[in-house]
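Structural overview
Residues per chain, in single letters:
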Amino acid sequence: MLAPRVVVIGGGVVGAAVVDELTARGWQDITLLEQGDLPAPGGSTSHAPGLVFQASGSKVMTELARYTVEKFCSLDVAGEPCFLQVGGLEVATTPQRLVELGRRHGWLTAWGVEAFLLSAEETVAKYPLLDPDLVLGGLFVPTDGIAKAVRAVDAQTARAASRGARILSRHEVLDITVTEGRVSGVVTDHGEFPADIVVCSAGIWGPVIAAKVGMTLPLTPLAHQLAWTSAVPALAGRSEEAVLPILRHQDQDLYYRERFDQIGIGYYGHRPMPVRAEDIARLDEAEVMPSVLTFTEDDFADAWKQTQALLPCVRDAELGEGINGLFSFTTDNMPLIGESPEVKGFWVAEAVWVTHSAGVGRAVAELLVDGHCSSFDLHECDVNRFENHQLSPDYVLTRDCQNFVEVYDILHPLQPAENLRPIRTSPFYSRQSELGGQFLEANGWERPQWYEANANLVAGRQLPTPDPWAARYWSPIVAAEAQVTRETVAMYDMTALKRLEVTGPGAVAFLQELVTGNIDKSVGSVTYCLLLDVDGGIRSDITVARLGRDRFQIGANGNLDLDWLSRHLPAHGNVQVRDVTPGTCCIGLWGPRARDLVQPLTTTDFSNAGFKYFRAKQAYLGTVPVTAMRLSYVGELGWELYTSADQGAQLWDLLWQAGQQHGVIAAGRGAFNSLRLEKGYRSFGTDMTFEHDPYEAGLGFAVKLDKGDFVGKDALLKRKDDLSRALTCLTLSDPDRVVLGKEPVFSGGGCVGYVTSAAYGYTIGRGIAYAWLPVELTQLGTVVQIDYFGERLSAVVAAEPLVDPAMERIRG
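Scoring rules and cut-offs
Residues numbered from 1 in each chain as written. Predicted model: local features only at pLDDT ≥ 70, side-chain atom pairs only at ≥ 80, totals over all residues. Heavy atoms only, no water. Helix = DSSP H or I, 4+ residues; strand = E, 2+ residues; numbered from the N terminus. Buried < 20%, exposed > 50% of the residue type's maximum accessible area, 1.4 Å probe, protein only. Contact = heavy atoms within 4.5 Å. Core = buried A, V, L, I, M, F, W, Y, C linked by side-chain atoms within 4.5 Å. Salt bridge = Lys/Arg side-chain N within 4 Å of Asp/Glu carboxyl O. Pairing = 2+ DSSP bridges. Axes fitted to C-alpha atoms, helices over the stretch in contact; angles between N-to-C directions. Phe/Tyr/Trp six-rings, centres within 6.5 Å; stacked < 30°, edge-to-face > 60°. Lys NZ or Arg CZ within 6 Å of the ring centre and 35° of its normal.

**Some thoughts on the environment of V396**
Its location among the elements puts V396 in helix α10 (residues 393-405). Given the relative accessible area of 8%, V396 is considered buried. Taking the C-alpha atoms as reference, V396 lies 7.3 Å from T330; in sequence the two are 66 residues apart. Residues in contact with V396, not counting those within four places in the same chain, are P218, L219, T220, T331, Q390 and L391.

**Overview of the nonpolar core**
When a protein is soluble and globular, its nonpolar side chains tend to lie buried together. By size, the foremost hydrophobic cluster in this structure holds 68 residues, and its most contacted members are F72, V199 and L378. Top element by residues in this core is helix α9 (residues 357-370). It accounts for seven residues. When neighbours within four sequence positions are excluded, F72 is seen to be in contact with V13, C82, F83, A147, A152, Q156, V354, S357 and A358. With 48 residues, the next largest nonpolar core counts V478, V634, F672 and V739 among its residues.

**Thoughts on the pattern of salt bridges**
Counted according to the given criterion, the structure contains 51 salt bridges. In this structure, E100 and R103 form a salt bridge, with 2.9 Å as the shortest nitrogen-oxygen distance. Taken together, the residues span about one helical turn, with E100 and R103 both in helix α4 (residues 95-110) at a distance of three residues. Across the pair, R103 and E100 agree in class, each one buried. In the salt-bridge network here, residues are joined through shared partners; they are D20, E21, R25, K71, R159, R163, R362 and E366.

**Notes on the sheet that holds strand β12 (residues 173-179)**
The three strands are arranged β12-β13-β14 in an open sheet whose pairing can be described as antiparallel. The outermost strands of the open sheet, each flanked by one partner alone, are β12 and β14 (191-194). Recorded for the sheet is a direction-independent mean angle of 25° between the axes of neighbouring strands. As paired elements, β12 and strand β13 (residues 182-188) share six bridges and run antiparallel to each other. Pairing of V173 across the sheet is with T188, part of β13.

**Quick notes on the packing of aromatic side chains**
Following the criterion strictly, the structure yields 27 aromatic pairs and no others. On the basis of an interplanar angle of 90° and a centroid distance of 4.9 Å, the ring pair of Y788 and F789 is categorised as edge-to-face. According to the relative accessible area criterion, Y788 is buried, its value standing at 4%. By relative accessible area, F789 is classed as partly exposed at 26%. An aromatic cluster is present here, built from Y255, Y268, F327, F329, W353, F404 and Y408 joined pairwise through their rings. The ring of Y695 is capped by K720, whose NZ or CZ atom sits 5.5 Å from the centre of that ring.

Right, dumping it as structure tokens:
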């Protein structure tokens, strides 16, 4: 079979990586089109300072950076290296930052990157130019350093050309031709290039290129200041470009690097300066290059002042040349990778900084050549992850600018955005507000974390208080709501859960080929199952409710599930998939008194015999038509009650009034998360992702190998008996402690895994943490240590579920 014709648009460090990785896998009909002059064509790559810090709270971002470091270290141009591995140093000048460095050290350790926390004295010894009176400590990563981005472009494009790729400068893309929903060519000022696949790696011009096929990219170019000092006397005589580590002073939004006897100063503390991609100067009209704007010295004044304080040696130098250089920002600080949902063969690799460029190039090559990415878990990077409102121009601009402001801020994992809220509200929002709901955001939905109206429930309960970091976005009311759910009954707003409807005469066959469970059962059945990729990795866990002969409702995790299902629709059109979330709502009614509350409201039989676990019914509660599903994510008797948005408030009021005699409360997400961990219920995107298979994730029960073929089955058969790791339930030995997630786990002195989900279990009276561990450490009673901000907390492997293992409460 002939390899497809591929055209890559954009010859910066990302496009260069893509053509290099594709040709390394044997594809030769590759054309790279660049409007500028390679290897410095005038985009962000051409002015990038090149600092590569691998630390990130996102595992995939650290892994992309690590691959980039490893690859660039292996590249050179005429003997000149593409990476200067001088190490990376983050310095703390405040107590808060010093604590934060402990968290960042935990991330690096969890993701497998060697890092060291340094004392104040050790930090100054690593970087003698620092003022020792300001420094409290540091974080050092020996493998960080400076990427020579232009040189890396040269090395990678030369290698790709040697394997047969065409590398073409001064080719401006004017249009992209589409034939019957698929790309067919790229039109340039030098003619048209036929293409079966087009990869857009145009960087700050990405939105302009994507728009040519009707695709919206939620990306904003923003100017970021970079200036160089004049010669610094303390660096006089330096013959090497860089010797000292690259340096971050995040308390003042600053970073630094050497260039012989000068110091480069990067600054994020200035006002956001967005530029529309359509307004970027044309190549031959730009004063320096299109991605470089005039330096605004007034915006840099505080940066220069703070630099002189941190690095006293620069007082003997002057502020020299400076630029306002354009870089890409997205609404969630993650790259945009994947295929257009509307135009087949049009792929993007956008919003990628030099730090992650080679890793993204490898990922895109694997997606194109193999049909899936085996080296990285890309669920956070998929371009199709966004809800519709997240593509609106106002949303993109506002959130991208806010992310620029917060780029070095200390952000709590639960911290919500403060602008553009509320965007999406359930029909229960006014009632929740009246109850003092404390709202966080979930996919744009306002979702209560707890309710101040439940403050009176705290008295008389023994509730541990978490440490100050864990206590952010927490209240003892969370604990009370969790306990009351197990004691009486509670109402949970589940509207933010995405709901998809699959209909048509081919619906059964369509779903059977995609999910791991057997959904060809009686009307009213509900099946918990998984969506797998071709390699057997988990793409999502879902519930599939058969509401009619040819009608199914899917409880999904997000827009990626809709995208996955849509891509697999049969061409003959006998199956339809649509998102019904906006027009519907859901209340989770759970607790031992749930049946006592709901049965008097309906003539439909809600008894245990008449309405069994994992079944669904259409019913009326009062005058409200509902789809009731006997499911429970908190481990208690109850139902998910769905209705149309126009009758949502009526449903809330009906349940609330009827529940007063049963002690009903409204409960928030904080309680929900605690209760679901006590039952061992997984959360996709946190506990398991694309890189994990069902068996190691403890979800083998959801796979029915005897039901016929489904996507991923063949790969799964090869993986199922070769497990090296497992998602494992841990309880903390100290009953007063809790962790939050992403902490490294230690055994025998070394890091052996990392925490996924964590919360306090208010039923069992201990902190709970799920962690990925080697199988040899998953035996019950095995003791491990969780590193929490540098403190080792003992934890024990426990049997799951921790509450009601016989399932008597949920099935009663």
